[in-house]
Amino acid sequence: MRTVLLTGFEPFDQDTVNPSWEAVRLLDGTSHGDVRIVGRQLPCAFALAPARLHQLLEEFEPELVIAVGLGPGRADICIERVAININDARIPDNLGAQPIDTPVVPDGPAAYFSTLPIKTMVRALKEAGIASSVSHTAGTFVCNQVFYCLQHVLAGSAVRAGFIHVPALPEQAEQCGGPSMALSIQTEGLRIAVITALDTFHDVRESGGQIS
Ligand code: PCA
């Protein structure tokens, strides 16, 4: 059976909900043709997330992996381009750890690129009327750590992988007045992202839009 693995994160900081997990949970058990989608949750903890990720890769042997996280303040579905080899936590994780300027993988390369067709995914989301863009930073917290570990462990393999940041839910953004996106749109956006990644082996060449 062909498998796509999606991961979402447990809530972190002051939140009681994490849209990345809520959306991934809704997609768990669905399928696209002969491909099943498996959705699992990752802990928001530097000490736990990589091991859980490795476990899931071994258990499900997916052909495609998309890790998803909440990007507070993000206004659209951000297809991440690059993971960097640094942990620099602005807040403590769910175990109280707050690494500052430590490597994700000692002696690992400075960065890894997503192996997903990121521009085609953005285009497909926009064509479906869902706001999306290429992002050039996944931050330096647990999301970037997981993204880096994912690309590190799969480097040189045929398994394609990448990371997507989703916006806050409307009920989360209410308190601070920041941008948000409804869960149903996030979920549909991730579904389109998965299908597009599965079906696309050569990314389109078009501008990602940013100047700086
Ligand atoms: N977002 C955090 C970690 C977990 C999540 O959903 C981040 O962007 O690093």
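Caption draft 1: Layout of the environment of glutamine 41. Relative to the helices and strands, glutamine 41 resides in strand S3 (residues 35–42). By relative accessible area, which is 29% here, glutamine 41 ends up partly exposed. Expressed as a C-alpha distance, the spacing of glutamine 41 and glycine 69, which sit 28 residues apart in the sequence, is 10 Å. Setting aside residues up to four positions removed in sequence, glutamine 41 forms contacts with Gly8, Phe9, Glu10, Trp21 and Arg52.

Caption draft 2: Molecular detail of the nonpolar core. By size, the foremost hydrophobic cluster in this structure holds 35 residues, and its most contacted members are Leu5, Phe9, Val65, Phe141, Val142, Val146 and Leu150. Taken together, the elements giving at least two residues each to this core come down to strand S1 (2–9), S3, helix H2 (49–60), strand S4 (64–70), helix H4 (142–154) and strand S11 (160–166). Here the element with the most residues in this core is H4; it accounts for 8 residues. If sequence neighbours within four positions are ignored, valine 65 has contacts with Leu5, Leu57, Leu116, Leu150, Leu154, Val159, Arg160, Ala161 and Gly162. Ranked by size, the runner-up nonpolar core spans 30 residues in total, among them Val35, Leu116, Met121 and Val122.

Caption draft 3: Region of interest: the sheet that holds strand S10 (residues 132–135). Read from one edge to the other, the open sheet built from 7 strands follows the order S2-S3-S1-S4-S11-S5-S10, with strand pairing classed as mixed. Two strands lie at the open edges of the sheet, namely strand S2 (31–32) and S10, each paired on one side alone. In terms of strand pairing, S1 meets S3 through 8 bridges, oriented parallel. Within S3, the residue paired with leucine 5 across the bridge is valine 38. Here helix H1 (residues 19–27) sits on the sheet in contact with S1, S3, S4 and S11, set at roughly 155 degrees to S1. The strands that H2 touches are S1, S3 and S4; relative to S3, the one it contacts most, it runs at about 160 degrees.

Caption draft 4: Region of interest: the pairing of S11. The buried count for S11 comes to 7 of 7 residues, which makes it a mostly enclosed element. By the alternation rule, side chains of S11 split into Arg160, Gly162, Ile164 and Val166 and Ala161, Phe163 and His165, which are all buried. Sheet topology places S4 next to S11; 7 bridges connect them, and they run parallel. Directly across from valine 68, in S11, lies its bridge partner isoleucine 164. As paired strands, strand S5 (residues 77–80) and S11 are joined by 2 bridges and run antiparallel to one another.

Caption draft 5: Region of interest: the pattern of salt bridges. Scanning the model with the defined rule gives 7 salt bridges in all. The residue arginine 2 makes a salt bridge to glutamate 63 at a minimum N-O spacing of 2.7 Å. Highlighted residues: arginine 2 in strand S1 and glutamate 63 in the loop between H2 and S4, separated in sequence by 61 residues. In this structure, the salt-bridge partner of aspartate 28 is arginine 40, at a minimum N-O distance of 3.4 Å. Highlighted residues: aspartate 28 in the loop between H1 and S2 and arginine 40 in strand S3, separated in sequence by 12 residues. Residues joined in a network through salt bridges with shared partners are Arg2, Asp34 and Glu63.

Calculation notes
- Residues numbered from 1 in each chain as written.
- Predicted model: local features only at pLDDT ≥ 70, side-chain atom pairs only at ≥ 80, totals over all residues.
- Heavy atoms only, no water.
- Helix = DSSP H or I, 4+ residues; strand = E, 2+ residues; numbered from the N terminus.
- Buried < 20%, exposed > 50% of the residue type's maximum accessible area, 1.4 Å probe, protein only.
- Contact = heavy atoms within 4.5 Å.
- Core = buried A, V, L, I, M, F, W, Y, C linked by side-chain atoms within 4.5 Å.
- Pairing = 2+ DSSP bridges.
- Axes fitted to C-alpha atoms, helices over the stretch in contact; angles between N-to-C directions.
- Salt bridge = Lys/Arg side-chain N within 4 Å of Asp/Glu carboxyl O.

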